[in-house]
Amino acid sequence: MVGSWPRSTNLLRAQKMKRAGKLSIDDFERLADPEIASLISTLNEIDVDIVTDGELRRDNFYSFVSEKLSGTKLMTMAEMLDVVEDKAGFEKLLQTLDVPAFSLSNPCCVGKIERRMPLTVGELRFAKQHTDRAIKIPLPGPYLLTRAMFVKELTREIYPNKEALAEDVIRILREEIADLIAEGVDFIQFDEPVLTEVAFSPAGTRTFMCASLAERGDPAEELEFAVSLINRVVKGFTKAEGYESAPIFGLHICRGNWSQNEAILLSGNYSPLANYLERLNVDQLVLEYATERAGEIMKFSGKQLGMGVVNPRTETCESPEEIVAAVNNARKFFADNQLFLNPDCGFGTFSNSPVNSHQIAVEKMKSIVTAAKSLR
């Protein structure tokens, strides 16, 4: 699994009620528990080796931190339009998103950020009650969080720039990693989809959902900033440094996963990112390869590949034979024990705009498992 799974109608209704203050967090958790248990049971039955909880408690893969962090406010893109100075630029961003502006939410920094509670430890504890398989915990990466939360009109009185905000983001993520390792996490995946925007977007355009419009302007400087943040977050926790309890650390990037319309999503192979990805102190790169927009397989020295072998946005299910053929091509570049098979991205990145149905997601995961067993 990469992370997200489509939410049921009941869970979507409960999320809406919680946000409106009509349902307490505890009551929401009680409603979410059986749905997560059911999903994990399905993944167990399918025989998925590394599972997630589907991120079913989350509004999206990164906005959920607003419930856990003081100093943040969850705002829809429509609400943010009221506060940003560059309204024309922000409206252009909204026009590129093939979803209603009210359906995407962003955690905005409005004060000093601190962990009121762990971000994902509760998710890990619950998942461990329902499976003996390896569990992956997806975490929003430090570059994503910094760039998303820094909305200068709301943030600059507390943090003068995003570099200042990043210091607290790093501290908070390191606290979270320490807690997850203490709970026996198997795999921590940092989600950093914005890296492809930095590398592939035409100058002056924005195609992702993140708030910040204040990059340095030079993609190389932005990517160096991202590498620095990620390496500082994992420093001292990795297998390479001899940390005995180290989980697998992965980094996931994609080219957009909010629409089934491939034409509006980013395109480009990994060449512009290769130098930066190889310098990340992570074990695995979890990458798209089931879409032609990702280009040809590339070798990344010293890295495992979490190879995307099914497209989460299409209704046609890839056959095990197609997956085997794709993996055999990747074996020219990676040893067998360096290859992990997964979807390109999640199946339900944003609660209100999942990219597929539960049943199609199940069938795609079954194809991955069948292909893996055949290859073994």
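Residues numbered from 1 in each chain as written. Predicted model: local features only at pLDDT ≥ 70, side-chain atom pairs only at ≥ 80, totals over all residues. Heavy atoms only, no water.

### Focus: the nonpolar core
Moving on, step 1. Counting residues in hydrophobic clusters, the biggest one holds 103 residues, and the most contacted among them are Trp5, Phe190, Leu251, Tyr289 and Phe300.
Moving on, step 2. The leading source of residues in this core is helix α8 (residues 162-182), at nine residues.
Moving on, step 3. Excluding its chain neighbours within four sequence positions, the residues that come into contact with Leu251 are Phe190, Glu192, Leu195, Ile230, Leu277, Leu280, Val282, Gln284, Leu285 and Val286.
Moving on, step 4. Within the second largest apolar cluster, five residues are counted, among which are Val2, Ile50, Phe187 and Val286. (Core = buried A, V, L, I, M, F, W, Y, C linked by side-chain atoms within 4.5 Å. Buried < 20%, exposed > 50% of the residue type's maximum accessible area, 1.4 Å probe, protein only. Helix = DSSP H or I, 4+ residues; strand = E, 2+ residues; numbered from the N terminus. Contact = heavy atoms within 4.5 Å.)

### Focus: the packing of aromatic side chains
Moving on, step 1. If you walk through the whole model with that rule in mind, you get seven aromatic pairs.
Moving on, step 2. With a centroid separation of 6.2 Å and an interplanar angle of 80°, the aromatic rings of Tyr143 and Phe225 are classed as edge-to-face. Of this pair, Tyr143 sits in helix α6 (residues 142-149) while Phe225 sits in helix α10 (residues 219-234); the two residues are 82 residues apart in sequence, bridging distant segments of the chain.
Moving on, step 3. Among the residues examined, Phe225 registers a relative accessible area of 10% and is labelled buried.
Moving on, step 4. Plain terms: the ring middles of Phe190 and Phe249 are 6.1 Å apart, the flat faces sit at 0° to each other, and that makes the pair stacked. Of the two residues, Phe190 sits in strand β5 (residues 187-191) while Phe249 sits in strand β6 (residues 248-253), which places them 59 residues apart along the sequence. The burial state of Phe190 is the same as that of Phe249; both residues are buried.
Moving on, step 5. Taken together, Tyr270, Tyr289 and Phe300 form an aromatic cluster joined through their ring pairs. (Phe/Tyr/Trp six-rings, centres within 6.5 Å; stacked < 30°, edge-to-face > 60°.)

### Some thoughts on the packing of α6 against α10
Two quantities define a packed helix pair, namely the angle between the helix axes and the distance between the axes.
Moving on, step 1. At a minimum axis separation of 8 Å, α6 and α10 run at an interaxial angle of 120°. The angle between the axes of α6 and α10 places the two elements in the oblique class. Contact residues: Pro142, Tyr143 and Thr146 in α6; Glu222, Phe225, Ala226, Leu229, Ile230 and Val233 in α10.
Moving on, step 2. By residue class, the composition of the contact of α6 with α10 is seven nonpolar, one polar and one charged. (Axes fitted to C-alpha atoms, helices over the stretch in contact; angles between N-to-C directions. Parallel < 35°, antiparallel > 145°, perpendicular 65-115°, else oblique. Nonpolar A, V, L, I, M, F, W, Y, C, P; charged D, E, K, R; others polar.)

### Let's talk about the environment of Leu285
Moving on, step 1. In this structure, Leu285 sits in strand β7 (residues 284-287).
Moving on, step 2. Note on Leu285: relative accessible area 0%, which makes it buried.
Moving on, step 3. Once the C-alpha coordinates of Leu285 and Gly306 are considered, the two residues, 21 residues apart in sequence, prove to be 5.7 Å apart.
Moving on, step 4. In this structure Leu285 touches Leu251, Leu277, Phe300, Lys303, Gln304, Leu305 and Gly306, once residues within four positions along its chain are discounted.

### Some words on the sheet that holds strand β1 (residues 50-51)
Moving on, step 1. Pairing within the open sheet is parallel, and its seven strands lie in the order β1-β4-β5-β6-β7-β8-β9. Every other strand in the sheet has two partners, leaving β1 and β9 (339-343) as the edge strands with one partner each.
Moving on, step 2. As paired strands, β6 and β7 are joined by four bridges and run parallel to one another. Bridge pairing links Leu251 to Leu285 in β7. (Pairing = 2+ DSSP bridges.)

### Re unusual backbone geometry
Moving on, step 1. Look at Asp47: it is not a glycine, yet its phi comes out positive at around 85°.
Moving on, step 2. One can find Asp47 in the loop between α2 (25-46) and β1.
Moving on, step 3. Accessibility expressed as a relative area gives 26% for Asp47, which makes it partly exposed.
Moving on, step 4. The phi dihedral of Glu55 falls on the positive side, at around 55°, and the residue is not glycine.
Moving on, step 5. Here Glu55 is to be found in the loop between β1 and β2 (69-76).
Moving on, step 6. In this structure Glu55 comes out as buried when scored by relative accessible area, which is 2%.

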